[in-house]
Amino acid sequence: KRWEVAEEKITELDWWQSAELDGIEFIACPARHFSGRGFSDRNATQWASWIIKSPYQKLYFSGDGGYGPHFKEIGEKYGPFDLALMECGQYHEQWQQIHMMPEETVQAAIDVKAKVFMPIHWGSFTLALHSWTDPVERASSKAKELNIPITVPFIGETIELNQEQYPSSSWWDNY
């Protein structure tokens, strides 16, 4: 409303609620983070992860957040997912409640029953002390160790869902 979006175009959902638009269902699911950008608005709004479900595909978007039992609950209720976009970056051991360590990202992908997962939130701005490539290197290494399908398209690369083969190069090694 503050941005002058018409009220009838705004849909607010609590966890486990859903809304449909043009045959696509959007389901708000739990996440673990905090909200607020100012001094007086800490935890004044909900944070969420999302399921995007069409008649043909089911996607999971973890949003920004820490690892927890909610991933297993989401997987049990709605999995498996054709593709899961999983938060992976800007972490520190003291922030585990709000940002996953890369190995936890892989475990969360397992928990939600992702057929393939894509680490996200790692190549953006710097909040943490880790190197630019540390998140994707650690997540890729753990995924390989556990034989979990992972895709990391080049930044800006278009991919098609339900492919036989998703992008699999370690393109970041060249940067």
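Each residue is numbered by its place in its chain's sequence as written, counting from 1. Two thresholds apply to this predicted model, a pLDDT of at least 70 for residue-level local features and 80 or more for giving and counting side-chain atom pairs, whereas whole-chain, interface and lining totals are computed over all residues. The side-chain figures draw on all heavy atoms in the structure; neither hydrogens nor water molecules are used.

With that settled, the discussion passes to the overall build of the chain. Helix numbering and strand numbering both begin at the N terminus, where a helix is a DSSP run of H or I of at least 4 residues and a strand a DSSP run of E of at least 2. Scanning the chain for helices and strands turns up 3 helices and 6 strands. Reading the helices (α) and strands (β) of the chain from amino to carboxyl end gives β-β-β-β-α-β-α-β-α. Throughout, radius of gyration means the C-alpha value; the globule benchmark is 2.2 Å times the number of residues raised to the power 0.38. For the chain, whose C-alpha radius of gyration is 17 Å, the value lies close to the compact-globule estimate of 16 Å for 175 residues. When its C-alpha atoms are laid out on the principal axes, the chain stretches across 45 × 40 × 30 Å. Relative accessibility thresholds used throughout: buried, under 20% of the residue-type maximum; exposed, over 50%; partly exposed, between the two (1.4 Å probe, protein chains only). For the chain, the proportion of its 175 residues judged to be buried stands at 39%. Whether two residues are in contact is decided by their heavy atoms, any of which lying within 4.5 Å being enough. Considering only intrachain contacts with a sequence separation of at least 6, the fraction spanning at least 24 residues in the chain is 61%. Carbon and sulfur atoms make up 51% of the accessible area of the chain, which amounts to about 10800 Å² in all. Across the chain, 15 positive and 25 negative side-chain charges occur, with their mean positions spaced 4 Å apart. Note on areas: Shrake-Rupley, 1.4 Å probe, and residue coverage restricted to the protein chains presented here. In this tally, Lys and Arg are treated as positive and Asp and Glu as negative; His is ignored, and so are the chain termini. Where a charge sits is defined by one atom per residue type, namely NZ (Lys), CZ (Arg), CG (Asp) or CD (Glu).

Note on definitions: salt bridges are taken to be side-chain nitrogens of Lys or Arg within 4 Å of carboxyl oxygens of Asp or Glu. Under the definition given, this model contains 7 salt bridges. Among the ionic pairs, Lys 115 bridges to Asp 82, the shortest N-O distance being 3.1 Å. Taken together, the residues Lys 115 in the loop between helix H2 (102–111) and strand S6 (117–120) and Asp 82 in the loop between helix H1 (70–78) and strand S5 (83–87) connect sequence positions 33 residues apart. Taking the relative accessible area as the measure of exposure, Lys 115 reaches 48% and is therefore partly exposed. Residue classification places Asp 82 among the buried residues on the basis of a relative accessible area of 13%. One salt-bridge network, in which partners are shared between bridges, spans Glu 103, Asp 134 and Arg 138.

Relative to the elements of secondary structure, Ser 168 occurs in the segment after helix H3 (134–146). In sequence terms Ser 168 and Ile 150 are 18 residues apart; their C-alpha atoms lie 7.5 Å from each other.

Now for the pairing of S6. Neither face of S6 is left uncovered, since the one carrying Phe 117 and Pro 119 and the one carrying Met 118 and Ile 120 both have all their residues buried. Two strands pair when backbone bridges link them, and S5 and S6 are joined in this way by 4 bridges, in the parallel orientation. Bridge pairing in S6 places Ala 84 opposite Phe 117. Two strands are counted as paired when DSSP detects at least two bridges linking them.

Glancing now at H3. Helix span is expected to be 1.5 Å times the residue number reduced by one. Its 13 residues place the ends of H3 18 Å apart at the C-alpha level, agreeing with the 18 Å of an ideal helix rising 1.5 Å per residue. If you check which residues of H3 are buried, you get Asp 134, Pro 135, Val 136, Ala 139, Ser 140 and Ala 143. In this structure, the buried side of H3 is in contact with H2 and S6. Note on H3: the residue one or two positions beyond its end, Asn 147, has a positive phi of about 60 degrees.

Before going further, it helps to examine the packing of H2 against H3. Angles shown run from 0 to 180 degrees and are taken between the N-to-C directions of axes, each axis being a line fitted to C-alpha atoms and, for helices, limited to the stretch in contact. Where H2 contacts H3, the two axes come as close as 8 Å, and the packing angle between them is 45 degrees. It follows from the interaxial angle that H2 and H3 lie oblique. Seen from above, H2 lies across H3 with right-handed handedness. Contacts between H2 and H3 involve Pro 102, Glu 103, Val 106 and Ile 110 on the former and, on the latter, Pro 135, Arg 138, Ala 139, Lys 142, Ala 143 and Leu 146. In this classification, the charged set is Asp, Glu, Lys and Arg, the nonpolar set is Ala, Val, Leu, Ile, Met, Phe, Trp, Tyr, Cys and Pro, and all remaining amino acids, among them Gly, are polar. Of the residues that constitute the contact of H2 with H3, the class distribution is 7 nonpolar, no polar and 3 charged. When an angle is under 35 degrees it counts as roughly parallel; over 145 it counts as roughly antiparallel; between 65 and 115 it counts as roughly perpendicular; any other value is oblique. Handedness of a helix crossing follows the sense of rotation of the near helix relative to the far helix, less than a right angle counterclockwise being left-handed and clockwise being right-handed.

It is worth spelling out H1 at this point. Those residues of H1 that fall on the buried side of the exposure criterion are His 70, Phe 71, Ile 74, Gly 75 and Tyr 78. Down the axis of H1, the buried side of the element spans an arc of 140 degrees, and every buried residue falls inside it. Along its buried surface, H1 packs onto strand S2 (24–29), strand S3 (49–53), strand S4 (58–61), S5 and H2. Of all possible arcs, the one meant is that of the directions from the helix axis to the C-beta atoms.

Ranked by size, the top nonpolar core spans 21 residues in total, and within it Ile 51, Tyr 60, Met 86, Val 112 and Phe 117 carry the most contacts. Residue assignment for this core shows that the elements contributing at least two residues are S2, H1, S5, H2 and H3. We define a nonpolar core as any set of buried Ala, Val, Leu, Ile, Met, Phe, Trp, Tyr and Cys residues linked to one another through side-chain atoms lying within 4.5 Å. Listed in part, the 6 residues of the second largest apolar core include Leu 83, Met 118, Ile 120 and Tyr 166.

Remember that the coordinates give geometry; whether it matters functionally is a separate question.
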